Amino acid sequence: LELPRCSYYKWLHRKETKEELENHELAQLILEYDERFNHILGYRRMTRWINALNSKHYNRKRVRRLMKLLGVKSIIRKKRDKYESTTPEISAENVLSRDFNATRPNEKWTTDVTEFKVAGTKKKLYLSAILDLYDRSVVSYVISTRNDNNLVFRTYEEAVNSNPGATPLFHSDRGFQYTSKAFQTKLSKAGIRQSMSRVGRCIDNGPTEGFWGIIKSEMYYLKKYDSLEELREDIIQYIYFYNYERLQERFDDRTPMAVRIAALTAENVTQYPIKENKRIQKYYANLKSKQEQYSIA
């Protein structure tokens, strides 16, 4: 390196600074959490989780720099498959109207069904889940090899039985299970109002679609499954992790179930409003501007 010998030995025997020692400690935490959580943490969540679980106050930029040096990065989500639409037997209005804020538990539930495949085979598992929009917890879920009415009915019954007296707004897409007369009769008897996404508007059920993206990117896409039993077990374990261990920034780095339990036992329920999305605001502003231009023309 064309350095004086004395400079090399001075560097070799130097005493590490406080910042360098902290970097070593932080680097170990980054490697540990990356392995522990199966490489799903980007630098933002890595910072939040390390700070929350270790009572630290590390800066995002610092964590990002060390992750880059260590070669640690989160996974990249795959594109969603396209599905053919079906004609519903009976439909309901989009009462939810993309208002995903809820002021208390059991005020608004969203639901859907998604599928998981065993690679190289025709074997599939279907997951039906109901989410509460207040805390984003999975209220109930059922796993089955058949995507039929029974799958959805069991999911609904588990949610109602575990939350007696709840009469939430119940939002879904226009899948055949939700548009059936039998399911609508169940909702009507329980005094639950139904809401449905518009045709071809998956964003109308954004929270549930978002949960599918989370479980698939953080669990399903990371591993090649050889059997339905292995896949089923991992789904069960992940939903427990999501409800009880996965910290969320919106909830001040608490888990969905911690937020839910606190709200159900509190006199004054803490509010967690959704942050405004600037891109969505810009989209609607441009849309309104175009409509005004057309009306003038």
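This text goes with the structure placed above it.
This part takes up the packing of helix α2 (residues 18-36) against helix α4 (residues 60-70). At a minimum axis distance of 10 Å, the contact between α2 and α4 shows a crossing angle of 70°. Judged on the interaxial angle alone, α4 and α2 are roughly perpendicular. In this structure, α2 meets α4 at a crossing whose hand is right-handed. Contact residues: α2 offers Glu19, Glu22, Asn23, Leu26, Ala27, Ile30 and Leu31, while α4 offers Arg62, Val63, Arg65, Leu66, Met67 and Leu70. Grouping the constituent residues of the contact of α2 with α4 by class yields eight nonpolar, one polar and four charged.

Right, let's get into helix α8 (residues 228-244). Compared with an ideal rise of 1.5 Å per residue, which puts 17 residues at 24 Å, α8 spans 24 Å between its outermost C-alpha atoms and is within 8% of the ideal. Buried residues along α8 sit in contact with α3 (43-54), β1 (108-117), β2 (124-132), β3 (138-144), α7 (206-218) and α9 (256-264).

With that out of the way, let us pick up the packing of aromatic side chains. Applying the stated criterion across every chain yields a total of 19 aromatic pairs. Look at Phe37 and Trp49: their rings are 4.7 Å apart centre to centre, the planes differ by 85°, and that puts the pair in the edge-to-face class. Pair noted here: Phe37 is in the loop between α2 and α3 and Trp49 is in helix α3, with a separation of twelve residues, a long-range link. Ring geometry for Phe170 versus Phe183: centroids 5.6 Å apart, planes at 55°, classification tilted. Taken together, the residues Phe170 in strand β4 (residues 169-172) and Phe183 in helix α6 (residues 181-189) connect sequence positions 13 residues apart.

Note that Asp234 resides in helix α8. What makes Asp234 buried here is its relative accessible area of 16%. It is 8.3 Å that separates the C-alpha atoms of Asp234 and Tyr220, two residues lying 14 residues apart in sequence. Discounting chain neighbours no more than four positions away, the residues touching Asp234 are Met219, Lys223 and Tyr225. For Asp234, the side chain forms a polar contact with the side chain of Tyr225, separated by 2.8 Å.

Rules of the game
Residues numbered from 1 in each chain as written. Predicted model: local features only at pLDDT ≥ 70, side-chain atom pairs only at ≥ 80, totals over all residues. Heavy atoms only, no water. Axes fitted to C-alpha atoms, helices over the stretch in contact; angles between N-to-C directions. Helix = DSSP H or I, 4+ residues; strand = E, 2+ residues; numbered from the N terminus. Parallel < 35°, antiparallel > 145°, perpendicular 65-115°, else oblique. Left-handed = near helix turned anticlockwise from the far one by under 90°. Contact = heavy atoms within 4.5 Å. Nonpolar A, V, L, I, M, F, W, Y, C, P; charged D, E, K, R; others polar. Expected span 1.5 Å × (residues − 1). Phe/Tyr/Trp six-rings, centres within 6.5 Å; stacked < 30°, edge-to-face > 60°. Buried < 20%, exposed > 50% of the residue type's maximum accessible area, 1.4 Å probe, protein only. Polar contact = N/O pair within 3.5 Å; in protein donor to acceptor, adjacent residues only side chain to side chain.

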